[in-house]
Amino acid sequence: MNRNYTIAVLVNDQPGVLQRVSGLFGRRGFNIESITVGASQEAGLSRMVIVTAGDDKLLEQVSKQLYKLIDVIKVVDVSASPMVERELALIKVSADPSARPEILGVVETFRAAVVDIGPSTLIVQVVGGPEKIDAMIELLRPYGIREISRTGVTAMNRGTVKS
Amino acid sequence: MVMQGEVKRSKEEIMERMRKPEVVSGSEILLRSLVLEGVECVFGYPGGAVLFIYDAMHGFKDFNHLLTRHEQGAIHAADGYARASGQVGVCIATSGPGATNLVTGIATAYMDSVPLVVITGNVATSFIGTDAFQEADITGITMPITKHSYLVRDVEDLPRVIHEAFHIANTGRKGPVLIDIPKDVSAAKTLFKPVTEVNIRGYNPTVTPRKPQLDKLIKAISEAERPVILAGGGVVYSGGHEELLEFVTKTGIPVTTTLLGLGAFPSANDLWLGMPGMHGTYTSNKAIQDCDLLINIGARFDDRVTMKLEGFAPKAKVVHIDIDPAEIGKNVPTEIPIVGDIKTTLALINAEVGYATGADAWRQQMQQWKQEQPLRYVDSEVELKPQWVISMIHETTNGEAIVTTDVGQHQMWAAQYYRFNKPRSWITSGGLGTMGFGFPSAIGAQMANPDRLVVSINGDGGMQMCAQELAICAINNIPVKVAIINNQVLGMVRQWQEIIYDNRYSHIDLAGSPDFVKLAEAYGVKGFRATNKEEAEAAWKEALAHPGPAVVEFVVRKHENVYPMVTQGNTIDVMLMGDEE
């Protein structure tokens with residue numbers, strides 16, 4: 001059965017490592033819904049969080065093929081256990097002074113924030129799971145969305161689940 | 001004995017000299033490191049970005065450098081060297097076009113898990129990314145076809161990188177590793193400190209398999225009534241051929257060997273069934289389809305072996321032993337996965353496994369199929385038949401030669417009619433199917449085995465893809481015996497166009513090829529031509545007796561097909577046997 005998998009990949013912080021990982025996904029026909037990269041808890045290692053769609057067999061191949069890359073240290077299927085998934089989005093909305101109070105109401109409900117106010121636009125910053133951000137975008141759409149920038153999902157397992 | 005002692009001492013002296021901590025250039029570090037890794041022969045081609053390296057090689061006598069006539073010749077030769085010896089093959093090329101000319105050879109080695117260290121020069125670090133003269137992003141270009149690669153930006157890293165590269169290339173699932181060295185790095189000087197330890201955190205191949213998995217296999221063997229072994233290149237690469245023979249002798253299980261597995265098991269053994277797959281033997285293919293236990297040892301269920309996956313080995317419990325866990329379950333669902341080195345794994349199994357007592361009727365069935373449906377062709381006294389030529393080459397060399405091939409019909413006939421009894425005697429591009437591989441790989445095989453007979457079997461198409469390397473055979477007196485099976489056509493393409501595309505022959509005619517005898521002679525290599533059996537035997541024997549390199553052109557029947565043949569979309573038991581022709 002096809003579903004989304006969120007996997008964390010611990011890699012050596014080496015030039016070209018992102019190319020190695022993304023190239024592997026590309027040539028093996030694995031889909032990338034989103035990919036984020038940043039520092040990990042250990043110096044010299046980066047953590048990538050990749051959301052991919054497929055079935056269990058595909059996930060097994062993704063994981064095995066990733067392990068064949070010399071710069072890959074560890075691959076974890078974060079979505080196999082309870083996890084926290086977060087994404088940040090910046091949304092620039094058309095906002096005449098008259099529309100602002102209404103937009104601010106939406107922003108407040110979502111515990112989002114307005115991080116810039118221009119003559120005719122607002123930038124809304126929202127943090128949450130991908131569904132929350134999708135919902136926020138839908139609610140802001142009627143006001144006229146000028147630009148969206150999403151970071152992609154980063155994720156971590158809850159509690160003491162080993163990762 | 002005194003001689004040997006002296007040789008040993010001088011070798012130790014050389015190593016001592018190489019290890020000496022001195023301030024030297026990156027180029028000198030490279031050469032010293034290669035010697036310290038045990039490299040005896042390097043294939044290469046100089047150019048602007050490797051001038052410092054070639055300058056350091058001036059007068060350097062601690063390994064051979066063979067100057068090929070094309071970088072592709074260099075890398076295929078390094079590949080042949082590695083396959084024939086089990087040592088890491090090494091080649092050197094310059095930046096840009098030098099490096100990109102290696103791409104086909106790197107992909108060839110990657111697909112067949114051949115250990116290579118490929119050294120390329122690059123433009124100076126300050127020029128990288130500026131589209132400089134002869135700049136190419138070779139680490140980027142080769143990322144999908146290398147096991148690993150390095151772009152060395154600091155000369156201090158060079159000793160570690162080279163040591164890691166050799167380790168990665170020749171352990172686990174073997175493969176090519178590329179080291180790209182910018183010109184300023186090969187020029188920069190530093191104190192050479194040899195590296196002897198490896199510490200690569202993300203790389204730790206599983207050598208010893210898990211015991212419970214072995215117990216499952218041993219139990220499955222004891223219960224099987226129709227077991228069969230599918231042995232692949234992994235047996236050869238791990239050096240596990242003796243363990244395989246012991247395993248088969250102990251269990252009495254019949255064996256089919258893949259294209260790359262030829263030689264992993266003696267073909268003279270009664271339990272050998274031949275090769276499976278698209279042009280496999282009737283018995284191999286039927287055995288796989290009817291078996292109740294399929295034990296894959298170091299093969300990767302390539303599509304030329306399995307053909308149509310749905311319906312492949314439909315009654316079998318599948319066991320897969322492989323050093324690369326990613327191969328297990330990739331194509332064929334596997335009940336008993338065993339990750340480990342083949343040699344180590346088989347030795348552990350052999351200590352406990354017993355005879356497959358339930359399989360007596362099955363073993364008889366194998367013998368019956370082999371008798372009823374042997375490999376066969378219709379011989380002719382009018383035209384020379386390629387199968388006859390290969391059989392003649394087999395007989396006149398007692399099956400003892402190292403045989404390299406190119407790709408196509410002659411490759412399949414060589415796989416079918418040359419009978420191997422030893423590993424590392426059969427060198428062919430199986431995975432990538434690289435034309436132009438056959439002849440230069442023979443040069444490498446001969447450099448690795450100066451005392452063995454090396455025969456290179458080629459078609460008239462592939463021979464023309466790397467024929468220029470005849471020059472280095474002549475100049476260095478490398479006594480490769482080249483057979484050209486000349487059917488004046490791209491034979492395998494012709495066969496497909498005949499059978500699958502309704503005789504619509506499109507752009508396959510190789511009429512107008514050079515006179516191969518004259519071509520050989522132009523390079524200073526002895527040339528022969530044969531158009532019938534008598535000439536063929538006489539010319540071939542003369543070529544074998546000749547102390548140097550020789551080319552023998554066998555002019556064979558054009559419309560000959562390779563049988564058995566399984567066409568695409570069919571399971572492997574649906575075979576065209578060719579008897580109606």
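Just so we're clear, the structure is a prediction, and the values are computed from it rather than from any experiment.

## A look at the domain arrangement of chain B
In many analyses, interface size is given as the accessible surface area lost on bringing the parts together.
All names here are of chain B.
Argument step 1. Partitioning chain B into domains gives domain 1 (4-191), domain 2 (211-372) and domain 3 (386-555).
Argument step 2. Summarising the inter-unit geometry, the C-alpha centres of domain 2 and domain 3 are found 31 Å apart.
Argument step 3. Each partner contributes residues to the interface: domain 2 has 17 residues there, and domain 3 has 17 residues.
Argument step 4. Here domain 2 and domain 3 share an interface that buries about 1,400 Å² over both sides, 64% of which is from carbon and sulfur atoms.

## Quick notes on helix α16 (residues 360-372) of chain B
Residues and elements named next belong to chain B.
Argument step 1. Relative to the 18 Å expected for 13 residues at 1.5 Å per residue, α16 spans 19 Å between its end C-alpha atoms, a close match to the ideal helical length.
Argument step 2. Three or more residues of α16 are buried, namely Trp-362, Arg-363, Met-366 and Trp-369. One side of α16 carries all its buried residues, which in axial view fall inside an arc of 120°. Facing away from the buried side of α16, by more than 90 degrees, are the exposed residues Ala-361, Gln-364 and Gln-371.

## Overview of the interface of chain A and chain B
Argument step 1. Listed as interface residues are 18 residues of chain A and, on the opposing side, 18 residues of chain B.
Argument step 2. Buried surface at the junction of chain A and chain B, summed over both partners, amounts to about 1,600 Å²; 50% is from carbon and sulfur atoms.
Argument step 3. Considering only the side of chain A, the residues that lose the most area to chain B are Arg-20, Lys-68 and Ile-70 of chain A, jointly responsible for 40% of the buried surface there.
Argument step 4. For the interface between chain A and chain B, the tally reads two salt bridges.
Argument step 5. Notably, a salt bridge pairs Arg-201 of chain B with Glu-42 of chain A, separated by 2.7 Å at the nearest N-O pair.
Argument step 6. Put simply, chain A and chain B have seven residue pairs in polar contact (both at pLDDT 80 or more) between them.
Argument step 7. Taken together, the elements giving at least two residues each to the side of chain A that touches chain B come down to α1 (17-27), α2 (56-68) and β4 (72-77) of chain A.
Argument step 8. Ranked by residues supplied to the side of chain A that touches chain B, first place goes to α2 of chain A with seven residues.
Argument step 9. The class makeup of the residues in the side of chain A that touches chain B is six nonpolar, four polar and eight charged.

## Side note on a positive patch on the surface
Argument step 1. Judged by side-chain charge, Arg-86, Arg-111, Lys-132 and Arg-158 of chain A come together as a positively charged surface patch.
Argument step 2. Tracing the backbone shows Arg-111 of chain A in the loop between α3 (100-109) and β6 (113-117).

## Observations concerning helix α23 (residues 533-545) of chain B
Turn by turn, an α-helix covers 3.6 residues, leaving residues three or four places apart pointing in a common direction.
Residue and element names in this part refer to chain B.
Argument step 1. Between the first and last C-alpha of α23 there are 18 Å, a value that for 13 residues agrees with the 18 Å anticipated at 1.5 Å per step.
Argument step 2. Here α23 has its buried residues at Lys-533, Ala-536, Ala-539, Trp-540 and Ala-543. Taken end-on, α23 shows its buried residues confined to a sector of 135°, consistent with a single buried face. Exposed residues lying more than 90 degrees from the buried face of α23 are Glu-534 and Ala-545.
Argument step 3. Tucked into the core, α23 has its buried residues touching α17 (386-396), β16 (454-459), β17 (481-486), β18 (526-530) and β19 (550-555).
Argument step 4. One side-chain oxygen of the residue at the start of α23 lies 3.1 Å from the amide nitrogen of Glu-534, identifying that residue as Asn-532.

## Quick word on the sheet that holds strand β5 (residues 116-122) of chain B
Residue and element names in this part refer to chain B.
Argument step 1. Pairing in this open sheet of six strands is parallel, and the strands run β3-β2-β4-β5-β7-β6 from one edge to the other. Unpaired on one side and paired on the other, β3 (64-67) and β6 (148-151) mark the two borders of the sheet. Pairs of neighbouring strands in the sheet enclose a mean axial angle of 20°, with direction left out of account.
Argument step 2. Relative to strand β7 (residues 176-182), β6 runs parallel, the two sharing four bridges. When the sheet's bridge partners are listed, His-148 is paired in β7 with Val-177.
Argument step 3. Sitting on the sheet, helix α6 (residues 103-111) touches β5 and β7, and the angle it makes with β7 is about 145°.

## Overview of the side chain of Gln-65 of chain A
Argument step 1. Mapped onto the elements of the fold, Gln-65 of chain A is located in helix α2.
Argument step 2. For Gln-65 of chain A, a relative accessible area of 3% puts it in the buried group.
Argument step 3. With residues near it in sequence (within four places) discarded, Gln-65 of chain A still touches Leu-24, Arg-28 and Phe-30 of chain A together with Ala-326 and Lys-330 of chain B.

Calculation criteria
- Each chain carries its own residue numbering, running from 1 in the written order of its sequence.
- To read the labels, note that chains go from A and ligands from 1, taken in the order they are written.
- Side-chain atom pairs in this predicted model are given and counted only at pLDDT of 80 or more, local residue features only at pLDDT of at least 70, and totals for whole chains, interfaces and linings cover all residues.
- Computation of side-chain values covers all heavy atoms of the structure but excludes hydrogens and water.
- Segment limits for the domains were obtained from an automatic or database-derived domain assignment.
- For this analysis, residues touch if any pair of their heavy atoms sits within 4.5 Å.
- When two parts are brought into contact, each loses some accessible area as probed by a 1.4 Å sphere; the total of that loss over both is the buried area.
- Every helix listed is a DSSP run of H or I at least four residues long, and every strand listed is a run of E at least two residues long, numbered separately from the N terminus.
- By definition here, a helix of n residues has an expected span of 1.5 Å times n minus one.
- Under the scheme applied here, a residue whose accessible area is under 20% of the maximum for its type counts as buried, over 50% as exposed, and between as partly exposed, the area being computed with a 1.4 Å probe on protein chains only.
- Throughout, the arc means that of the directions going from the helix axis to the C-beta atoms.
- Each salt bridge in this description consists of a side-chain nitrogen of Lys or Arg and a carboxyl oxygen of Asp or Glu lying within 4 Å of one another.
- Distance and chemistry together define a polar contact, namely a pair of N or O atoms within 3.5 Å, with one atom able to donate a hydrogen and the other to accept it when in protein, and with adjacent residues in sequence counting only for side-chain atoms on both sides.
- In the scheme used here, Gly and all other residues not listed as nonpolar or charged are polar, with Ala, Val, Leu, Ile, Met, Phe, Trp, Tyr, Cys and Pro taken as nonpolar and Asp, Glu, Lys and Arg as charged.
- What goes into a patch is any residue over 30% in relative accessible area without a salt bridge, connected to like charges within 9 Å or, for nonpolar side chains (Val, Leu, Ile, Met, Phe, Trp, Tyr), within 5 Å.
- Surface accessibility follows the Shrake-Rupley procedure with a 1.4 Å probe radius. Residue values consider only the protein chains on display as shielding.
- The charge count treats Lys and Arg as positive and Asp and Glu as negative. His and the chain ends do not count.
- Taken as the charge location is NZ of Lys, CZ of Arg, CG of Asp or CD of Glu.
- Being paired, for any two strands, means DSSP has found at least two bridges between them.
- With axes taken as lines fitted to C-alpha atoms, and helix axes fitted only over the stretch in contact, angles between N-to-C directions fall between 0 and 180 degrees.

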